[in-house]
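Structural overview
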Amino acid sequence: MRDRELTERRLDEAAEITALLRDLLIVRRAEERLSAMFADGEVPGFIHLSIGQEAVSVGVMRALRVEDTLASTHRGHGHAIAKGMPLEGFFSELLAKNEGLCRGRGGSMHVADMSVGMLGANGIVGAGLSIALGSALAHKTLGRNAVAVAFFGDGALAEGLVHECMNLAALWKLPLLFVCENNGWGEFRPTSQQLAFALGDLASAYRIPHRIVDGNDVVAVAEAAEAVVRSIRKGEGPAVLECMTVRVRGHFEGDAQKYRDQAELDAMTERDPIRVVCERLAACGVNDTDLDGLTREVDAVIEAAVAAARRGTDPDPVAARHDVYTDGAAA
Amino acid sequence: MSGGNPLLMPKLGLTMTEGLLAEWRVSPGTTVRPGDVLFVVETEKIATEIEATAEGRIETLLVESGKTVPVGSPVALWTGPPPGGDATESAAATAPEPAPDVVPESRAAGRPDGRTVATPLARRIARQSGIDLSTVRGSGPRGRIKAADVEAVQTSPAPAVRASVPTSVRQPTNVERIVADRLSLSKRTIPHFYVLADADVTELEHVRAELNADRTGTRITVNHFIIAATAAALRAYPDFACRWTDAGIESLPVGAVGIAVDTPRGLMVPVLADAGARGIESIADAAGDLVTRAREGRLTPDHMGGAAVSISNVGMTGASMLVPIVDPDQSAILGAGAIRSVFRPDAEGRPVLRREVGLVLSCDHRVFDGMRAARFLDAVVSALNHPVRSIRTPDPGRG
Amino acid sequence: MTEIRYLKAVNTALSDAMDADPSVVLMGEDVGEAGGPFGASRGLLERFGPSRVLDGPISEAALAGAAVGAAMSGLRPVVEIMFMDFTTLVMDAMVNQAAKVRFMFGGQTSVPMVLRTPHGGGLGAGPQHSQCLEAWFAHVPGLKVVCPSDPASAYGLLRAAIADPDPVVFVENKALYAMKGEIADPPAPFAIGRAAIRRSGTDVTIVAYGAAVHTAGTAADRLAERGVSAEVVDLLSLQPWDEATVLASLSRTHRLVIVHEAVEAFGVGAEIAARMAQVGFDELDGPIMRVGAPFMPVPFSKGLEAAYMPSVDAVLQAVDKTLE
Ligand SMILES: Cc1ncc(C[n+]2csc(CCOP(=O)(O)OP(=O)(O)O)c2C)c(N)n1
Ligand SMILES: [Mg+2]
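All figures in this text were calculated on a predicted structure; none of them were measured in a lab. (Residues numbered from 1 in each chain as written. Chains lettered and ligands numbered in written order. Predicted model: local features only at pLDDT ≥ 70, side-chain atom pairs only at ≥ 80, totals over all residues. Heavy atoms only, no water.)

What to know about the sheet that holds strand β6 (residues 56–61) of chain B
All names here are of chain B. Using the following cut-off: In short, DSSP must find at least two bridges between two strands for them to pair. To qualify as a helix, a DSSP run of H or I must reach at least 4 residues; to qualify as a strand, a run of E must reach at least 2; elements of each kind are numbered from the N terminus.
Sheet architecture is open: 4 strands sit in the order β1-β8-β6-β3, paired in antiparallel fashion. Each edge of the sheet is formed by a strand with only one pairing partner; in this case those strands are β1 (5–8) and β3 (31–32). Where β6 lies against strand β8 (residues 74–78), 3 bridges are found, and the strand directions are antiparallel. Following the sheet pairing, Ile58 is matched in β8 by Trp78.

Observations regarding the side chain of C:Glu231
Residue and element names in this part refer to chain C. Here is the rule we go by: Exposure is judged per residue with a 1.4 Å probe applied to protein chains only, and the accessible area is read against the type maximum: over 50% gives exposed, under 20% gives buried, and values in between give partly exposed. Any N or O atom pair separated by 3.5 Å or less is treated as a polar contact, with the protein-specific requirement of one donor-capable and one acceptor-capable atom, and with residues adjacent in sequence counted only for side-chain atom pairs. Residues count as neighbours in contact if any of their non-hydrogen atoms are within 4.5 Å of one another.
Locating Glu231 in the fold gives a position in strand β11 (residues 230–234). Overall, the relative accessible area of 2% leaves Glu231 in the buried class. Here the side chain of Glu231 touches Ser249 through a polar contact of 2.8 Å, side chain to side chain. Every residue in contact with Glu231, bar those within four places of it in the chain, is listed here: Ile197, Arg199, Ser200, Gly201, Val204, Thr205, Ile206, Ser249, Arg252 and Thr253.

Observations regarding the pattern of salt bridges
What counts, and what does not: Every case where a carboxyl oxygen of Asp or Glu lies within 4 Å of a side-chain nitrogen of Lys or Arg is listed as a salt bridge.
What the rule picks out here adds up to 56 salt bridges over all chains. Two residues, C:Lys144 and C:Asp164, come together in a salt bridge whose shortest N-O distance is 3.0 Å. With C:Lys144 in strand β6 (residues 144–146) and C:Asp164 in the loop between α6 (151–163) and β7 (168–173), the pair connects residues that are 20 residues apart, well separated along the chain. Comparing C:Lys144 with C:Asp164, the two get one shared label, buried. Several salt bridges converge on common partners, so that one network encompasses B:Asp198, B:Arg340, B:Arg344 and B:Glu356.

Some thoughts on the packing of aromatic side chains
For the record, the criterion: Any Phe, Tyr or Trp ring, taking Trp's six-membered ring, that has another such ring centre within 6.5 Å forms a pair; planes under 30 degrees apart are called stacked, those over 60 apart edge-to-face, and the others tilted.
Tallied over the entire structure, the rule returns 13 aromatic pairs over all chains. When the ring of B:Phe240 is compared with that of B:Phe368, the centres are 3.9 Å apart and the planes differ by 5 degrees; the resulting orientation is stacked. Of this pair, B:Phe240 sits in the loop between α5 (222–236) and β10 (242–245) while B:Phe368 sits in the loop between β18 (351–364) and α7 (370–385), placing them 128 residues apart in sequence. Ring centres of C:Phe83 and C:Phe86 lie 5.3 Å apart, and the angle between their planes is 55 degrees; on these two criteria the pair is classed as tilted. Accessibility expressed as a relative area gives 13% for C:Phe83, which makes it buried. Judged by its relative accessible area of 18%, C:Phe86 falls in the buried class.

Considering the nonpolar core
For the record, the criterion: In these notes, a set of buried Ala, Val, Leu, Ile, Met, Phe, Trp, Tyr and Cys residues joined through side-chain atoms within 4.5 Å is what counts as a nonpolar core. Here the bounds of each domain stem from an automatic or database domain assignment.
Counting 94 residues, the largest nonpolar core has A:Met166, A:Leu176, A:Phe178 and C:Met113 as the members making the most contacts within it. Ranked by the residues each element gives to this core, the list is headed by helix α3 (residues 60–72) of chain C, at 10 residues. If you count residues domain by domain, this core takes at least three from each of domain 1 (2–183) and domain 2 (196–323) of chain C. Residues within four places of C:Met113 in sequence aside, it is in contact with C:Ala64, C:Ala67, C:Val68, C:Ala71, C:Pro77, C:Val79, C:Met94, C:Ala98, C:Asp166, C:Pro167 and C:Val168. Counting 62 residues, the second largest nonpolar core, distinct from the first, contains A:Ala80, A:Val147, A:Phe151 and A:Leu281.

A word on the interface of chain C and chain A
Where we set the bar: Two parts placed together each lose some accessible area; with a 1.4 Å probe, that loss summed over both constitutes the buried area.
On the chain A side, the residues contacting the 41 residues of chain C number 38 residues. In total, about 3100 Å² of surface goes out of reach between chain C and chain A, with carbon and sulfur atoms giving 65% of it. When the area that chain C buries against chain A is broken down by residue, the three leading residues are C:Ser73, C:Phe103 and C:Gln108, summing to 19%. Linking chain C with chain A are 2 salt bridges, by the criterion used here. Here A:Asp323 and C:Arg102 are joined by a salt bridge, their closest N and O atoms 2.9 Å apart. Secondary structure elements with two or more residues in the side of chain C that touches chain A: β2 (24–29), β3 (53–56), α3 and α4 (91–104) of chain C. In terms of residue count, α3(C) provides more of the side of chain C that touches chain A than any other element does, 10 residues in total.

Some words on the sheet that holds β11(C)
Strands belonging to one sheet form pairs held by backbone hydrogen bonds; the direction of such a pair is parallel or antiparallel. Residue and element names in this part refer to chain C. Selection rule: For every element, the axis is a line fit to its C-alpha atoms; helices are fit only across the contacting stretch, and the angle between N-to-C directions ranges from 0 to 180 degrees.
What the 5 strands build is an open sheet, ordered β9-β11-β10-β13-β14; its pairing is mixed. Edge positions in the sheet fall to β9 (196–199) and β14 (289–293), since each has one partner strand and no second. Pairs of neighbouring strands in the sheet enclose a mean axial angle of 25 degrees, with direction left out of account. As judged from the 5 bridges shared by strand β10 (residues 204–208) and β11, these two strands associate in the parallel manner. Bridged to Ala208 within β11 is Asp234. Sheet strands touched by helix α11 (residues 312–323): β10, β13 (256–263) and β14. Its angle to β14, the strand with the most contacts, is close to 165 degrees.

Here we look at the coordination of the magnesium ion (ligand 2)
Ideal coordination angles are 109.5 degrees for a metal with four donors arranged tetrahedrally and 90 or 180 degrees for a metal with six donors arranged octahedrally. All names here are of chain A. Rules: Metal coordination here is assigned from N, O and S atoms located within 2.8 Å of the ion, or within 3.2 Å for Na, K and Ca; omission of water means that sites may look incomplete.
Summarising the metal site, the magnesium ion (ligand 2) is bound by the protein donors Asp154 (OD), Asn183 (OD1) and Trp185 (O), whose distances to it range over 2.0 to 2.2 Å. We note that the donor set of the magnesium ion (ligand 2) lies within a single chain, spaced as D-x28-N-x1-W. Taken as a pair, Asp154 in the loop between β2 (148–153) and α7 (160–172) and Asn183 in the loop between β3 (176–182) and β4 (185–186) lie far apart in primary sequence, 29 residues in all. Its relative accessible area of 2% is what places Asp154 among the buried residues.

Describing the site of ligand 1
Residues and elements named next belong to chain A. Inclusion rule: We define proximity as follows: a residue is near a molecule or strand when any one of its heavy atoms falls within 4 Å of that partner. Note on areas: these come from Shrake-Rupley sampling with a 1.4 Å probe, and a residue is covered only by the protein chains present in the view. Polar here means any residue other than Ala, Val, Leu, Ile, Met, Phe, Trp, Tyr, Cys and Pro, which are nonpolar, and Asp, Glu, Lys and Arg, which are charged; Gly is therefore polar.
Inspection of the region around ligand 1 gives 15 residues, with His74, Arg75, Asp154, Gly155 and Asn183 positioned closest. Contacts to ligand 1 include Gly123, whose backbone N or O atom sits 2.8 Å from a nitrogen atom. A distance of 2.8 Å separates an oxygen atom of ligand 1 from a polar atom in the side chain of Asp154. When the free accessible area of ligand 1 is taken as 580 Å², the share hidden by the protein chains comes to 74%. Class assignment of the residues belonging to the shell around ligand 1 gives a composition of 4 nonpolar, 7 polar and 4 charged.

So, in structure tokens, the structure goes:
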């Protein structure tokens, strides 16, 4: 997370996994808090939660540096928080406050923090790919040793732009990591009903290396991401990381998910990323993880951010009009 | 059947085959001139006024209004030229500009509704030079008055009634123009009547001096006490907070009092919405803020409207009374003059020196009668007589 | 002063901008080795190398989207879209991304990119290679739109567009590419948002942009023969547009005709007419007239296309109508 030095520090494996667990908990608890606040009518608009998919955000971010950039999706809270967007700016934005990082103009679907290379969640399915593509082009042209990451869902694979971007990234050998969060759903229908191909086949058509991982196992995601990012940084061109994961909540908050099987919903707890990471810790011999204590600690940080956000002020319409153009001319 | 040439149902678009004669604007015997509307045709798209293209007298109407007839069939007989006649004047007698499916432009000159058709520039010049457009002949299409037409009138020798004293004319500011329009409206539409009283402010002056002695905020003025007294009178007579509207008599918030303010841009009347809920010190602060805002042009719509009664005070001058005009959105206004020293007889009939202010309550007779107005003014006077009551923040429970 | 062609002015502006700022890159179909579909980027690959002149595949959406991401990450990309008709494929990148990034991210970043694209008919290119779609872009808050009418403005506006911190749609005209014109030495940038009075007059204001400026100029010549003095205002920028200059001209002439090659209905002219009816109401001494293409696709046949394109005669008729 923000304490990026953590990565650099050579901690032992268990400590590192515990750090991942803590990051997972921050994303999880932040979104659970949002879910409650949304139900209370405190969060305006509509929100898509990544509960159950946090291991993808946290695992991939483990392989990134602050100068690396990412473009996200409509389900982008996890990407933003894991990349280092401050929680206070995040919650203030979701509560539509002037103190939000986007000054209350973007909201859930447009959380962004340029200072940590988070180029924005995106309300347009697939659009983030071309933005990440351009960012990768800038990294390459300006001689930065940075990587751009395009997060997208499996549903986005049916968008033509995805295909254009894969072709271009391969053609121009750009430092671009495609991360597909394959949760099996695109809105209210399984993506098996929406796609006639598998992502691996698509990637191989563009001659892009493709790796598939258990997207609910943060350690597996982090290891895979570290490996592909290393090769991208070496200049070997783009790669696709497909993370098989589970969307626990509805497509958006308030979606009762009538279209999903109870069996599928029940099976989800088995694969809960937090449970999986605790099993990982147990496998390293750590059986005394204080999950409750850690959760309390994380909650305190989140509560402080929520409280600060609630104290925020309403955005100013005049200032908003002056931000349409850089020179401040009101449109 | 009398004779004459036929007037035909015109073709108004490429696809028009028949037309509904919606309305006759002439009857047998009407004499028409070019541009006069003869009848209205409705097609599936629009209603079009059909104008006479030549002079003539209507003889007979052949089609009743409400009937649909084919294009080209006669709808009336008149003494004007025949359709498609070779008389050059009447060449276009049948259909105005049968442009393919295009909405006819508004055609308006010489309209029976008396509207003068002029370009915006012509109107502006006429307004600025005081020319009555109805006296100007338009040279544009269908008699539209253009700038040049007005200028021609402007430069023609003016009747020698103007005084030869050199004068100068200044454009009013926006506020001045609005005030002028609104007050003219008020004097035209509101039947004003007036009740007068002198209020004893001897004690008030002492109280005021004491309050100001240990006060750091806006200095409390007599006007602030008059605001408080008016608010108190409204509390005593809540049904005074109402005004006449076209829809009926509208009740207004009881605690609101308007304050006439002389600003560099002209007269403004911001409203102290909750005067009724404030003690004198709070009134002084809030009124001070309103006046500053009005002078600096920082009033917002929140500061305007909602009051039935306003106050206009010229006490800072030597004027003894002010008879004000009621704001068109209100129903009464209290004019206050300067404080004077007067001798009044005490209980034994000996002269005592008192301080008094002359008050005039101008009222809208559509909503109040003389008795109600007099009682209200009495309540104001009584509140001024007992200034200590104004110091407290009023108890909301007491209505 | 030197005389150069419009296309060369575009080429020189690109080359000067790339010289001046190493973050300027070109991308588009055939902009590299081929020198651009119309030759606007001729010689630039050789001068600046393949990392700055990027020959893209036929992927308009991805190229434009990549320009947004690149602009957010430190480059100043100039994307060429071969025909304005193809901008239908870049709408998401321009409308939902480029235009909104600055605003919706609370002013954290701007998107300094340029989308160059030629519009215009008259060349028998048919319904899908001739359209003037600039009003679409001018309707989107966050985008700027400019449309030069001659070599000097092509150079000046392109330099300004590339230097601008916000996304600019730079609309060229295929029919003007060969046009010759004077250009200052060294050539100067033009300020975006400023119109130019091409010819002063007192009786009627004709506002035009792009190739229509020349139609308006010819009409003004003819009007002069008849003793009517027309003022020709070349808008140059459509978003933002120079309302003050148009209003000042209208206040002198009191009559307004707006000419553009784009379809008349719901076009740039409609906006200008509406604004002038509002802010210039008391100046008007005749109806505001618009001259634009009829509400139909651009036809292919020479005769049909000639009838389609707004003509000098159409401008004259409009002027007559407002002078009536
Ligand atoms: C271009 C576009 N089309 C449709 C939508 C509506 N929409 C929002 S999310 C979504 C499903 C996306 O599925 P996927 O990419 O798998 O992401 P997930 O919701 O599963 O995270 C759709 C269709 C949109 N936002 N943008
Ligand atoms: Mg999905």
